[in-house]
Amino acid sequence: MRASLMQIAVNPEESVDSRRQRVASLVREQSDVDLVILPELWPVGAFSYQAFAEEAEPLDGPTHEAMAKAASDTGVWLHAGSIVERAADGVLYNTSLVYSPAGERVTAYRKIHRFGFDQGEATLMGAGTTPRTVALPELTLGLATCYDLRFPELFRQLTDAGAQGFVVPAGWPARRRGHWTLLARARAVENQAYVLACSTTGTHAGVEQAGHSLVVDPWGEVLAEAGTAEEVLTVELDAAKVTATREQFPALKDRVLGVEPPRSAS
Ligand SMILES: NC(=O)CCC(=O)C(=O)O
């Protein structure tokens, strides 16, 4: 299957509504692929904390409307990145949305690990509790969002649930770009799975974004990597490559579960 990662520029000169319409048009240009992927919180910006409450939307809000239509108009699976979701009880979540080629929302994943320590997302948003996978006809994908990339246990759980690839929308800062690339490759190698890591670019809320979206294969090789401009990365994905990697180097079968807790020498 062919997948396109759309590295979107998030800059303050463009309004949320204009960006929503522009991104929907960009998705419509991708009719020759099977899957399109967008970054984390591209409507508002992952670090635009002061705008989260104002731009929060219900699951069936304006981004859903625009993305469901873009998916069905284009006839693609669409991982529409994430939105600031306002749940019925008023709590905000960083929620990723996935659409079928018919424009149906097939799943929504609320980011489990919130970024910011004692500020920002970590204080403004609720934490998701449910890991999600999506079985596309050609490949089963596990969902994670940005800071989740630092938590290997989530990816192992998704692998155990059948994931052959991971989609990681992000708003990753430029100053930690080295971690972004390293962690994407690490998650691919340790789970012998594709990693489709799609970040924003530009600068919003004073935070320069890394760009450098990348696709890593199940052996840890980088198949494609963006620069810092807005751009589209198109790659070929093959479930047989996941199976072959796991058969030829069967490290996942050598896991030892349920070992004793460490013993301290002091
Ligand atoms: N939006 C995020 O989750 C940012 C994560 C980040 O900056 C980091 O892990 O470093």
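Please refer to the structure higher up on the page.
Residues numbered from 1 in each chain as written. Predicted model: local features only at pLDDT ≥ 70, side-chain atom pairs only at ≥ 80, totals over all residues. Heavy atoms only, no water.

**Description of the nonpolar core**
Now for step 1: If you look at the biggest cluster of nonpolar residues, it comprises 47 residues, and the most contacted ones within it are L35, F166, V168, W172, V195, L196 and L237.
Now for step 2: Not counting the four nearest positions on each side in its chain, V195 is found in contact with F166, V168, A184, R187, A188, L214, V215 and V216.
Now for step 3: In this structure, V36, W42, M67 and A71 belong to the second largest nonpolar core, which totals 22 residues. (Core = buried A, V, L, I, M, F, W, Y, C linked by side-chain atoms within 4.5 Å. Buried < 20%, exposed > 50% of the residue type's maximum accessible area, 1.4 Å probe, protein only. Contact = heavy atoms within 4.5 Å.)

**Concerning the state of the cysteines**
Now for step 1: Applying the stated criterion across every chain, the model contains 0 disulfides.
Now for step 2: Cysteine C198 shares no disulfide, and the gap to the nearest cysteine sulfur, in C146, comes to 11 Å. (Disulfide = S-S within 2.5 Å.)

**A word on the sheet that holds strand β12 (residues 214–216)**
Now for step 1: Pairing is mixed across the open sheet formed by 6 strands, whose spatial order is β6-β7-β8-β9-β12-β13. Only two strands of the sheet have a single partner each, and these edge strands are β6 (133–135) and β13 (222–225). Pairs of neighbouring strands in the sheet enclose a mean axial angle of 15 degrees, with direction left out of account.
Now for step 2: Strand contacts of helix α6 (residues 177–191): β8 (165–170), β9 (194–199), β12 and β13, with the helix running at about 155 degrees to β9, the strand carrying the most contacts. (Pairing = 2+ DSSP bridges. Helix = DSSP H or I, 4+ residues; strand = E, 2+ residues; numbered from the N terminus. Axes fitted to C-alpha atoms, helices over the stretch in contact; angles between N-to-C directions.)

**Regarding the side chain of T95**
Now for step 1: Positionally, T95 belongs in strand β4 (residues 92–99).
Now for step 2: T95 gets classed as buried once you look at its relative accessible area, which sits at 0%.
Now for step 3: Residues in contact with T95, not counting those within four places in the same chain, are L59, G81, S82, I83, E85, A108, Y109 and R110.

**Section: the site of the ligand**
Now for step 1: The ligand sits among E40, K111, F115, C146, Y147, R150, G171, W172, P173 and R176.
Now for step 2: Taking Y147, its main chain carries an N or O atom lying 3.1 Å from an oxygen atom of the ligand.
Now for step 3: Isolated, the ligand exposes 290 Å² of accessible area, and the fraction of that covered by the protein chains is 98%.
Now for step 4: Grouping the constituent residues of the shell around the ligand by class yields 5 nonpolar, 1 polar and 4 charged. (Near = heavy atom within 4 Å. Polar contact = N/O pair within 3.5 Å; in protein donor to acceptor, adjacent residues only side chain to side chain. Areas by Shrake-Rupley, 256 points an atom, 1.4 Å probe, with all protein chains shown as cover. Nonpolar A, V, L, I, M, F, W, Y, C, P; charged D, E, K, R; others polar.)

**Comments concerning the packing of helix α1 (residues 16–28) against helix α3 (residues 62–74)**
Now for step 1: As a packed pair, α1 and α3 sit with axes 9 Å apart at the nearest point and diverge in direction by 15 degrees. Relative to α3, the element α1 is oriented roughly parallel. Note that α1 runs across α3; the crossing there is right-handed. Where α1 abuts α3, its residues R20, V23, A24, V27 and R28 lie against P62, T63, A66, M67, K69, A70, D73 and T74.
Now for step 2: Looking at the contact of α1 with α3 residue by residue, the classes come out as 7 nonpolar, 2 polar and 4 charged. (Parallel < 35°, antiparallel > 145°, perpendicular 65-115°, else oblique. Left-handed = near helix turned anticlockwise from the far one by under 90°.)

**Brief notes about the sheet that holds strand β14 (residues 231–236)**
Now for step 1: Overall, mixed pairing links the 6 strands, which are arranged β5-β4-β3-β2-β1-β14 in an open sheet. Two strands bound the open sheet, and with one partner strand each, they are β5 (105–110) and β14. With strand direction ignored, the average angle separating the axes of adjacent strands in the sheet is 25 degrees.
Now for step 2: Sheet analysis places strand β3 (residues 77–86) next to β4, joined by 7 bridges and oriented antiparallel. Within β4, the residue paired with I83 across the bridge is T95.

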